[in-house]
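Residue strings, one per chain:
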Amino acid sequence: MTADVLIRGGRLYDPSLGLDRVGDIAVSGRKIVFVPEGEAVEARRSINAGGCIVLPGLIDVHTHINRFGTYIGMNPDIAGIPMGVTTMVDGGSTGVSNYRAFLHQLDGYETKSRIALNVCAGGQIMSTQYTENVDPKVWEYGLFKEAFEEFPDKIVGLKIRTSRNIVGELGMEPLKKAVELADRLGTRLYVHTTNPPCTMAELTAMLRPGDVVCHTFHGVGNTLLEDGHVAPGILEARRRGVIFDVSQGQGNFCIPVAQTCIAEGFYPDTVSTDLNRDSWNNPLAYSLLMTMSKLLAMGLPFDRLVDGVTRAPAALIGAEGEMGTLREGSCADITVVRLTERAVHFIDKHGNSLDADRLLMPMATIIDGQIQYRSPDTL
Ligand SMILES: [Zn+2]
(Lines give C-alpha, C1' and ligand atoms only; values in the text may rest on other atoms or scores of the structure.)
Protein backbone atom coordinates (compact mmCIF):
# COMPACT_ATOMS: atom_id res chain seq x y z
CA MET A 1 0.00 0.00 0.00
CA THR A 2 1.02 3.64 -0.32
CA ALA A 3 0.64 6.39 2.28
CA ASP A 4 1.72 9.95 2.94
CA VAL A 5 3.21 9.27 6.36
CA LEU A 6 4.23 5.97 7.91
CA ILE A 7 4.86 5.68 11.65
CA ARG A 8 6.97 2.57 12.14
CA GLY A 9 7.41 0.17 15.01
CA GLY A 10 5.82 2.16 17.85
CA ARG A 11 3.53 0.94 20.61
CA LEU A 12 0.12 1.92 19.24
CA TYR A 13 -1.91 2.93 22.26
CA ASP A 14 -5.52 4.08 22.41
CA PRO A 15 -7.50 2.88 25.45
CA SER A 16 -10.78 4.00 23.85
CA LEU A 17 -10.23 1.33 21.15
CA GLY A 18 -8.63 -1.25 23.42
CA LEU A 19 -5.58 -0.81 21.19
CA ASP A 20 -2.18 -1.67 22.67
CA ARG A 21 0.27 -3.39 20.35
CA VAL A 22 3.56 -2.74 18.60
CA GLY A 23 3.12 -2.06 14.91
CA ASP A 24 2.84 0.47 12.13
CA ILE A 25 0.18 3.08 11.48
CA ALA A 26 -0.11 5.35 8.47
CA VAL A 27 -1.64 8.58 7.28
CA SER A 28 -3.29 9.05 3.94
CA GLY A 29 -4.26 12.65 3.23
CA ARG A 30 -5.79 13.88 6.48
CA LYS A 31 -6.93 10.47 7.74
CA ILE A 32 -5.53 7.61 9.80
CA VAL A 33 -5.01 4.31 8.00
CA PHE A 34 -4.28 0.98 9.69
CA VAL A 35 -1.44 -1.10 8.32
CA PRO A 36 -2.11 -4.86 8.27
CA GLU A 37 0.71 -6.81 9.89
CA GLY A 38 3.46 -7.67 7.42
CA GLU A 39 2.14 -5.29 4.76
CA ALA A 40 4.82 -3.24 2.96
CA VAL A 41 4.08 0.48 2.85
CA GLU A 42 5.57 3.00 0.48
CA ALA A 43 5.34 6.41 2.15
CA ARG A 44 6.54 9.91 1.30
CA ARG A 45 7.63 10.40 4.92
CA SER A 46 8.51 7.89 7.57
CA ILE A 47 8.78 8.27 11.32
CA ASN A 48 10.84 5.76 13.28
CA ALA A 49 8.81 5.24 16.44
CA GLY A 50 10.82 2.30 17.80
CA GLY A 51 10.74 2.41 21.60
CA CYS A 52 8.04 5.11 21.49
CA ILE A 53 4.33 5.22 22.26
CA VAL A 54 2.00 6.37 19.48
CA LEU A 55 -1.02 8.16 20.91
CA PRO A 56 -3.99 10.05 19.51
CA GLY A 57 -3.12 13.77 19.20
CA LEU A 58 -3.14 15.31 22.67
CA ILE A 59 -5.92 17.76 23.53
CA ASP A 60 -5.18 20.35 26.23
CA VAL A 61 -8.61 21.41 27.38
CA HIS A 62 -7.51 24.46 29.42
CA THR A 63 -5.01 26.98 28.07
CA HIS A 64 -4.72 30.73 27.40
CA ILE A 65 -3.83 31.42 23.79
CA ASN A 66 -5.10 34.91 23.00
CA ARG A 67 -1.53 35.84 22.06
CA PHE A 68 -2.35 39.21 20.51
CA GLY A 69 -5.29 40.15 22.71
CA THR A 70 -4.23 39.58 26.32
CA TYR A 71 -1.11 39.77 28.41
CA ILE A 72 -1.44 36.11 29.45
CA GLY A 73 -1.90 34.73 25.93
CA MET A 74 0.79 32.51 24.47
CA ASN A 75 1.39 31.27 20.95
CA PRO A 76 -0.34 27.86 20.76
CA ASP A 77 1.90 26.54 18.00
CA ILE A 78 5.10 27.22 19.91
CA ALA A 79 3.78 26.19 23.32
CA GLY A 80 1.97 23.08 22.16
CA ILE A 81 3.28 21.49 18.98
CA PRO A 82 6.85 20.75 20.20
CA MET A 83 5.22 19.22 23.30
CA GLY A 84 2.88 16.88 21.46
CA VAL A 85 -0.30 18.97 21.67
CA THR A 86 -2.53 19.04 18.60
CA THR A 87 -5.59 20.86 20.01
CA MET A 88 -5.97 23.56 22.66
CA VAL A 89 -9.08 24.93 24.29
CA ASP A 90 -8.85 28.48 25.57
CA GLY A 91 -10.31 28.87 29.04
CA GLY A 92 -12.15 32.17 28.84
CA SER A 93 -9.55 34.67 27.64
CA THR A 94 -12.30 36.51 25.78
CA GLY A 95 -15.94 37.44 26.31
CA VAL A 96 -18.80 38.69 24.19
CA SER A 97 -17.00 41.91 23.28
CA ASN A 98 -13.81 40.48 21.76
CA TYR A 99 -14.18 36.79 20.81
CA ARG A 100 -14.47 37.54 17.09
CA ALA A 101 -10.97 38.96 16.87
CA PHE A 102 -9.73 35.98 18.89
CA LEU A 103 -11.37 33.41 16.60
CA HIS A 104 -9.95 35.24 13.60
CA GLN A 105 -6.48 35.07 15.14
CA LEU A 106 -6.81 31.35 15.92
CA ASP A 107 -7.47 30.60 12.25
CA GLY A 108 -3.83 31.51 11.57
CA TYR A 109 -2.32 28.74 13.70
CA GLU A 110 -1.63 25.09 12.89
CA THR A 111 -2.86 24.03 16.34
CA LYS A 112 -6.56 23.18 16.37
CA SER A 113 -8.52 25.22 18.87
CA ARG A 114 -11.82 25.85 20.61
CA ILE A 115 -12.74 28.51 23.13
CA ALA A 116 -14.84 28.86 26.24
CA LEU A 117 -16.47 32.28 26.45
CA ASN A 118 -15.92 34.20 29.67
CA VAL A 119 -19.03 35.57 31.37
CA CYS A 120 -17.12 38.88 31.59
CA ALA A 121 -17.45 40.81 28.31
CA GLY A 122 -13.70 41.45 28.07
CA GLY A 123 -12.58 38.00 29.22
CA GLN A 124 -9.65 37.14 31.44
CA ILE A 125 -6.76 39.38 30.46
CA MET A 126 -4.35 38.87 33.37
CA SER A 127 -3.76 36.11 35.94
CA THR A 128 -4.20 38.15 39.10
CA GLN A 129 -3.41 41.84 38.68
CA TYR A 130 -6.70 42.96 37.09
CA THR A 131 -9.49 40.53 37.77
CA GLU A 132 -12.52 40.44 35.50
CA ASN A 133 -15.92 41.82 36.46
CA VAL A 134 -18.22 38.86 37.15
CA ASP A 135 -21.28 40.85 38.27
CA PRO A 136 -24.29 39.20 36.56
CA LYS A 137 -26.07 42.59 36.49
CA VAL A 138 -24.08 43.61 33.40
CA TRP A 139 -24.57 40.40 31.39
CA GLU A 140 -26.56 40.83 28.19
CA TYR A 141 -28.19 37.54 27.24
CA GLY A 142 -28.65 38.52 23.58
CA LEU A 143 -24.90 38.92 23.07
CA PHE A 144 -24.17 35.45 24.47
CA LYS A 145 -26.93 33.95 22.35
CA GLU A 146 -25.52 35.53 19.21
CA ALA A 147 -22.02 34.18 19.90
CA PHE A 148 -23.17 30.62 20.58
CA GLU A 149 -25.48 30.59 17.58
CA GLU A 150 -22.90 31.96 15.18
CA PHE A 151 -19.97 29.75 16.26
CA PRO A 152 -21.43 26.47 17.54
CA ASP A 153 -18.33 24.55 16.41
CA LYS A 154 -15.82 26.93 18.00
CA ILE A 155 -17.34 28.05 21.30
CA VAL A 156 -17.60 25.03 23.57
CA GLY A 157 -18.87 26.54 26.79
CA LEU A 158 -19.09 29.41 29.24
CA LYS A 159 -16.32 30.16 31.72
CA ILE A 160 -16.45 31.80 35.13
CA ARG A 161 -13.85 32.28 37.86
CA THR A 162 -15.11 32.08 41.43
CA SER A 163 -12.06 32.81 43.61
CA ARG A 164 -12.73 35.01 46.63
CA ASN A 165 -10.58 37.83 45.24
CA ILE A 166 -12.62 37.83 42.01
CA VAL A 167 -16.19 37.47 43.27
CA GLY A 168 -15.67 39.63 46.39
CA GLU A 169 -18.95 40.43 48.14
CA LEU A 170 -20.95 38.87 45.30
CA GLY A 171 -20.03 35.49 46.82
CA MET A 172 -21.65 32.59 44.97
CA GLU A 173 -24.26 34.73 43.19
CA PRO A 174 -22.24 34.97 39.93
CA LEU A 175 -21.87 31.17 39.80
CA LYS A 176 -25.57 30.67 40.45
CA LYS A 177 -26.44 33.08 37.63
CA ALA A 178 -23.79 31.58 35.33
CA VAL A 179 -25.35 28.13 35.74
CA GLU A 180 -28.72 29.63 34.78
CA LEU A 181 -27.15 31.41 31.81
CA ALA A 182 -25.39 28.24 30.60
CA ASP A 183 -28.64 26.35 30.99
CA ARG A 184 -30.51 28.89 28.91
CA LEU A 185 -27.80 28.80 26.25
CA GLY A 186 -27.74 25.00 26.29
CA THR A 187 -24.02 24.89 26.92
CA ARG A 188 -21.45 23.63 29.38
CA LEU A 189 -20.03 25.75 32.22
CA TYR A 190 -16.31 25.70 33.09
CA VAL A 191 -15.66 26.89 36.64
CA HIS A 192 -12.34 28.10 38.04
CA THR A 193 -12.55 26.90 41.63
CA THR A 194 -9.32 27.90 43.39
CA ASN A 195 -10.00 29.48 46.80
CA PRO A 196 -13.81 29.55 46.53
CA PRO A 197 -16.03 31.46 48.99
CA CYS A 198 -17.75 28.20 50.05
CA THR A 199 -16.74 24.57 50.37
CA MET A 200 -15.92 22.69 47.17
CA ALA A 201 -18.79 20.31 47.96
CA GLU A 202 -21.19 23.29 48.11
CA LEU A 203 -19.75 24.66 44.89
CA THR A 204 -20.00 21.41 42.96
CA ALA A 205 -23.55 20.88 44.26
CA MET A 206 -24.51 23.96 42.22
CA LEU A 207 -23.20 22.45 38.96
CA ARG A 208 -25.09 20.37 36.44
CA PRO A 209 -23.97 17.06 34.89
CA GLY A 210 -21.37 17.94 32.23
CA ASP A 211 -20.23 21.16 33.90
CA VAL A 212 -16.49 21.25 34.50
CA VAL A 213 -14.57 21.86 37.71
CA CYS A 214 -11.23 23.47 36.75
CA HIS A 215 -8.24 23.23 39.12
CA THR A 216 -9.48 20.00 40.73
CA PHE A 217 -6.29 19.62 42.80
CA HIS A 218 -5.90 23.24 43.92
CA GLY A 219 -4.64 23.79 47.45
CA VAL A 220 -5.85 27.28 48.38
CA GLY A 221 -8.65 27.74 50.93
CA ASN A 222 -11.37 25.10 50.64
CA THR A 223 -10.11 22.13 48.62
CA LEU A 224 -11.63 18.83 47.54
CA LEU A 225 -10.45 17.32 50.81
CA GLU A 226 -12.36 17.35 54.09
CA ASP A 227 -10.77 15.71 57.15
CA GLY A 228 -7.91 14.63 54.90
CA HIS A 229 -10.10 12.69 52.45
CA VAL A 230 -12.05 13.44 49.27
CA ALA A 231 -15.26 15.04 50.60
CA PRO A 232 -18.46 12.95 50.30
CA GLY A 233 -20.09 15.87 48.46
CA ILE A 234 -17.40 15.67 45.78
CA LEU A 235 -18.03 11.97 45.25
CA GLU A 236 -21.72 12.77 44.95
CA ALA A 237 -20.99 15.47 42.32
CA ARG A 238 -19.02 12.92 40.32
CA ARG A 239 -21.87 10.42 40.56
CA ARG A 240 -24.16 13.10 39.13
CA GLY A 241 -21.82 13.62 36.16
CA VAL A 242 -19.89 16.76 37.09
CA ILE A 243 -16.52 16.66 35.30
CA PHE A 244 -13.22 17.18 37.12
CA ASP A 245 -10.37 18.70 35.11
CA VAL A 246 -6.79 19.18 36.31
CA SER A 247 -6.14 22.69 34.82
CA GLN A 248 -2.78 22.58 36.57
CA GLY A 249 -1.49 26.14 36.25
CA GLN A 250 1.00 27.47 38.76
CA GLY A 251 -0.97 28.35 41.90
CA ASN A 252 -3.84 26.00 41.06
CA PHE A 253 -2.17 22.69 41.83
CA CYS A 254 -1.09 21.19 45.14
CA ILE A 255 0.95 17.99 45.06
CA PRO A 256 -0.37 16.50 48.37
CA VAL A 257 -4.02 17.20 47.38
CA ALA A 258 -3.49 15.43 44.05
CA GLN A 259 -1.65 12.56 45.76
CA THR A 260 -4.47 12.03 48.27
CA CYS A 261 -7.17 12.13 45.58
CA ILE A 262 -5.32 9.68 43.34
CA ALA A 263 -4.50 7.36 46.25
CA GLU A 264 -8.24 7.27 47.06
CA GLY A 265 -9.07 6.45 43.44
CA PHE A 266 -10.51 9.89 42.70
CA TYR A 267 -8.97 10.33 39.25
CA PRO A 268 -9.38 13.45 37.10
CA ASP A 269 -11.68 13.08 34.09
CA THR A 270 -9.52 15.34 31.94
CA VAL A 271 -5.87 16.37 32.27
CA SER A 272 -4.94 19.89 31.22
CA THR A 273 -2.31 22.55 31.91
CA ASP A 274 -3.98 25.98 32.18
CA LEU A 275 -0.76 27.11 30.51
CA ASN A 276 -0.37 30.83 29.89
CA ARG A 277 2.45 33.16 29.01
CA ASP A 278 3.75 33.12 32.61
CA SER A 279 3.53 29.39 33.30
CA TRP A 280 4.64 28.07 29.91
CA ASN A 281 8.30 26.95 30.14
CA ASN A 282 8.17 27.59 33.89
CA PRO A 283 9.17 24.55 35.99
CA LEU A 284 5.86 24.75 37.91
CA ALA A 285 3.79 23.99 34.81
CA TYR A 286 5.96 23.81 31.68
CA SER A 287 3.94 21.60 29.33
CA LEU A 288 1.13 19.03 29.04
CA LEU A 289 3.60 16.12 28.94
CA MET A 290 5.14 17.42 32.19
CA THR A 291 1.71 17.58 33.85
CA MET A 292 1.01 14.05 32.60
CA SER A 293 4.38 12.78 33.89
CA LYS A 294 3.62 14.29 37.30
CA LEU A 295 0.25 12.53 37.56
CA LEU A 296 1.79 9.27 36.35
CA ALA A 297 4.36 9.53 39.15
CA MET A 298 1.48 9.92 41.63
CA GLY A 299 0.00 6.63 40.49
CA LEU A 300 -2.65 7.71 37.98
CA PRO A 301 -3.04 4.61 35.76
CA PHE A 302 -1.61 5.12 32.29
CA ASP A 303 -4.87 4.30 30.49
CA ARG A 304 -6.74 6.91 32.57
CA LEU A 305 -3.99 9.44 31.96
CA VAL A 306 -4.14 8.96 28.20
CA ASP A 307 -7.94 9.01 28.22
CA GLY A 308 -7.76 12.37 30.04
CA VAL A 309 -5.85 14.00 27.18
CA THR A 310 -7.54 12.26 24.25
CA ARG A 311 -11.05 10.75 24.30
CA ALA A 312 -12.37 12.58 27.36
CA PRO A 313 -11.46 16.12 26.23
CA ALA A 314 -12.62 15.28 22.68
CA ALA A 315 -16.00 14.38 24.20
CA LEU A 316 -16.05 17.70 26.08
CA ILE A 317 -15.64 19.65 22.86
CA GLY A 318 -18.07 17.53 20.86
CA ALA A 319 -15.40 15.77 18.79
CA GLU A 320 -15.43 12.23 20.23
CA GLY A 321 -14.64 9.59 17.63
CA GLU A 322 -13.12 12.17 15.31
CA MET A 323 -10.37 13.70 17.49
CA GLY A 324 -8.51 12.08 20.39
CA THR A 325 -8.60 8.64 18.78
CA LEU A 326 -6.48 6.41 16.53
CA ARG A 327 -9.62 5.00 14.93
CA GLU A 328 -9.09 4.22 11.25
CA GLY A 329 -10.60 6.99 9.14
CA SER A 330 -10.55 9.62 11.90
CA CYS A 331 -8.55 12.82 11.49
CA ALA A 332 -4.81 12.20 11.52
CA ASP A 333 -3.89 14.00 14.75
CA ILE A 334 -1.16 11.81 16.23
CA THR A 335 1.36 12.31 19.03
CA VAL A 336 4.46 10.17 19.46
CA VAL A 337 6.09 10.18 22.89
CA ARG A 338 8.84 8.31 24.67
CA LEU A 339 8.56 7.35 28.33
CA THR A 340 12.17 7.85 29.41
CA GLU A 341 13.71 6.66 32.64
CA ARG A 342 15.41 9.55 34.37
CA ALA A 343 15.28 11.40 37.66
CA VAL A 344 12.74 14.24 37.76
CA HIS A 345 12.01 16.66 40.59
CA PHE A 346 8.49 18.16 40.42
CA ILE A 347 7.54 21.16 42.55
CA ASP A 348 4.39 23.13 43.30
CA LYS A 349 3.84 26.73 44.35
CA HIS A 350 3.17 25.72 47.96
CA GLY A 351 6.69 24.40 48.52
CA ASN A 352 5.86 20.71 48.05
CA SER A 353 7.89 18.48 45.80
CA LEU A 354 7.77 15.03 44.27
CA ASP A 355 10.65 12.93 43.00
CA ALA A 356 9.95 10.71 40.05
CA ASP A 357 11.93 8.44 37.77
CA ARG A 358 10.07 8.72 34.46
CA LEU A 359 9.35 11.56 32.09
CA LEU A 360 7.25 11.65 28.91
CA MET A 361 9.30 13.19 26.12
CA PRO A 362 7.84 14.57 22.87
CA MET A 363 8.98 12.75 19.74
CA ALA A 364 6.57 13.80 16.97
CA THR A 365 3.37 15.80 16.48
CA ILE A 366 1.11 15.33 13.47
CA ILE A 367 -1.92 17.52 12.84
CA ASP A 368 -4.40 16.62 10.09
CA GLY A 369 -1.75 14.43 8.51
CA GLN A 370 1.00 17.07 8.50
CA ILE A 371 4.17 16.45 10.51
CA GLN A 372 4.44 19.68 12.51
CA TYR A 373 7.24 18.55 14.80
CA ARG A 374 9.61 15.60 14.96
CA SER A 375 12.63 14.87 17.09
CA PRO A 376 15.79 13.98 15.14
CA ASP A 377 15.61 10.66 17.01
CA THR A 378 12.69 9.69 14.74
CA LEU A 379 14.64 10.12 11.50
ZN1 LIG B 1 -7.16 29.43 33.10
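The shown structure was predicted, so the numbers you read here are calculated from the model rather than taken from an experiment. (Residues numbered from 1 in each chain as written. Predicted model: local features only at pLDDT ≥ 70, side-chain atom pairs only at ≥ 80, totals over all residues.)

(A) Fine view of the overall build of the chain. Looking only at helices and strands, the chain features eleven helices and 17 strands. For the chain, whose C-alpha radius of gyration is 20 Å, the value lies close to the compact-globule estimate of 21 Å for 379 residues. Each principal axis of the C-alpha atoms in the chain carries an extent, and together these give about 65 × 45 × 35 Å. Looking at the chain as a whole, 52% of its 379 residues are labelled buried. Nonlocal contacts in the chain, meaning residues at least 24 apart in sequence, comprise 75% of its contacts between residues at least 6 apart. (Helix = DSSP H or I, 4+ residues; strand = E, 2+ residues; numbered from the N terminus. Rg over C-alpha atoms; globule rule 2.2 N^0.38 Å. Buried ≥ 20, exposed ≤ 12 C-beta atoms within 10 Å, placed from the backbone. Contact = placed C-beta atoms within 7 Å.)

(B) Up close: the domain arrangement of the chain. Each domain of the chain was delimited in the assignment, giving domain 1 (2-55 + 328-341 + 360-378) and domain 2 (58-316). In this structure, domain 1 and domain 2 have C-alpha centres spaced 30 Å apart. Only strand E15 (334-347), strand E16 (353-367) and strand E17 (370-374) provide two or more residues apiece to the side of domain 1 that touches domain 2. At four residues, the largest contribution of residues to the side of domain 1 that touches domain 2 is made by E16. Among the residues forming the side of domain 1 that touches domain 2, the class breakdown is eight nonpolar, four polar and one charged. (Domains from an automatic or database assignment. Nonpolar A, V, L, I, M, F, W, Y, C, P; charged D, E, K, R; others polar.)

(C) Representation of the nonpolar core. Core analysis: the biggest nonpolar cluster contains 111 residues, and Ile7, Val54, Leu158, Val191 and Val336 have the highest contact counts within it. Excluding residues that lie within four positions of it along the chain, leucine 158 makes contacts with Ala116, Leu117, Val119, Ala178, Leu181, Ala182, Leu185, Thr187, Leu189 and Tyr190. (Core = buried A, V, L, I, M, F, W, Y, C linked by C-beta atoms within 7 Å.)

(D) How the structure looks around the pairing of strand E9 (residues 155-161). The element E9 is largely enclosed, with a buried count of seven among its seven residues. Pairing between strand E8 (residues 112-118) and E9: four bridges, direction parallel. Bridge pairing in E9 links leucine 117 to leucine 158. One crossover worth recording links E8 to the parallel E9 by way of helix H3 (residues 141-150), and it is right-handed. In this structure, E9 lies alongside strand E10 (residues 189-192), joined through four bridges in parallel fashion. Looking at the pairing, arginine 161 lines up with histidine 192 of E10. (Pairing = 2+ DSSP bridges. Right-handed = clockwise from strand over helix to strand, strands pointing away.)

(E) A look at the sheet that holds E9. Spatial strand order, E6-E7-E8-E9-E10-E11-E14: seven strands in an open sheet with parallel pairing. The sheet is open, and its two borders are formed by strand E6 (58-63) and strand E14 (243-244), each paired with just one other strand. Direction of pairing for E10 relative to strand E11 (residues 212-214): parallel, over a ladder of three bridges. Bridge assignment links valine 191 to a residue of E11, and that residue is valine 213. Strands in contact with helix H5 (residues 173-185) are E9 and E10; relative to E9, the strand with the most contacts, it is inclined by about 170°. (Axes fitted to C-alpha atoms, helices over the stretch in contact; angles between N-to-C directions.)

(F) Seen up close, the pairing of E16. Relative to E16, E15 runs antiparallel, the two sharing twelve bridges. Residue pairing in the sheet places threonine 340 in a bridge with leucine 359 of E16. Joining the antiparallel neighbours E15 and E16 is a turn of five residues, in which glycine 351 adopts a positive phi near 90°. As paired elements, E16 and E17 share four bridges and run antiparallel to each other. What sits directly across from threonine 365, in E17, is tyrosine 373.

(G) Structural view of the environment of tyrosine 99. Examined against the element boundaries, tyrosine 99 turns out to sit in helix H2 (residues 99-106). Among the residues examined, tyrosine 99 registers 25 C-beta atoms within 10 Å and is labelled buried. Spatially, the C-alpha atom of tyrosine 99 lies 25 Å from that of isoleucine 243, the residues being 144 residues apart in sequence. Residue contacts for tyrosine 99: discarding those within four places in its chain leaves Thr94, Ile115, Leu117 and Ala147.

(H) Geometry of unusual backbone geometry. Of note, the phi angle at histidine 215 is positive, near 65°, even though the residue is not glycine. Its location among the elements puts histidine 215 in the loop between E11 and strand E12 (225-226). Under the C-beta neighbour-count criterion, histidine 215 is labelled buried, with 30 such atoms within 10 Å. Even without glycine at this site, asparagine 281 takes up a positive phi of about 70°. Among the secondary structure elements, asparagine 281 is positioned in the loop between helix H8 (255-263) and helix H9 (288-297).

(I) Region of the structure containing the environment of arginine 100. For arginine 100, the position within the fold is in helix H2. Overall, arginine 100 belongs to the partly exposed group, with 13 C-beta atoms counted inside 10 Å.

(J) Seen up close, the environment of glycine 241. Note that glycine 241 resides in the loop between helix H7 (232-240) and E14. Separated by 106 residues in the primary sequence, glycine 241 and aspartate 135 place their C-alpha atoms 27 Å from one another.

(K) Inspection of H5 at higher detail. Over its 13 residues, H5 extends 18 Å from the first C-alpha to the last, a length consistent with the 18 Å expected when each residue adds 1.5 Å. Listing the buried residues of H5 in full gives Pro174, Leu175, Ala178, Leu181 and Ala182. Relative to the axis of H5, the buried residues are bounded by an arc of 120° and lie together on one face. Relative to its buried face, H5 has exposed residues pointing more than 90 degrees away, namely Glu180, Asp183 and Arg184. (Expected span 1.5 Å × (residues − 1). Arc of directions from axis to C-beta.)

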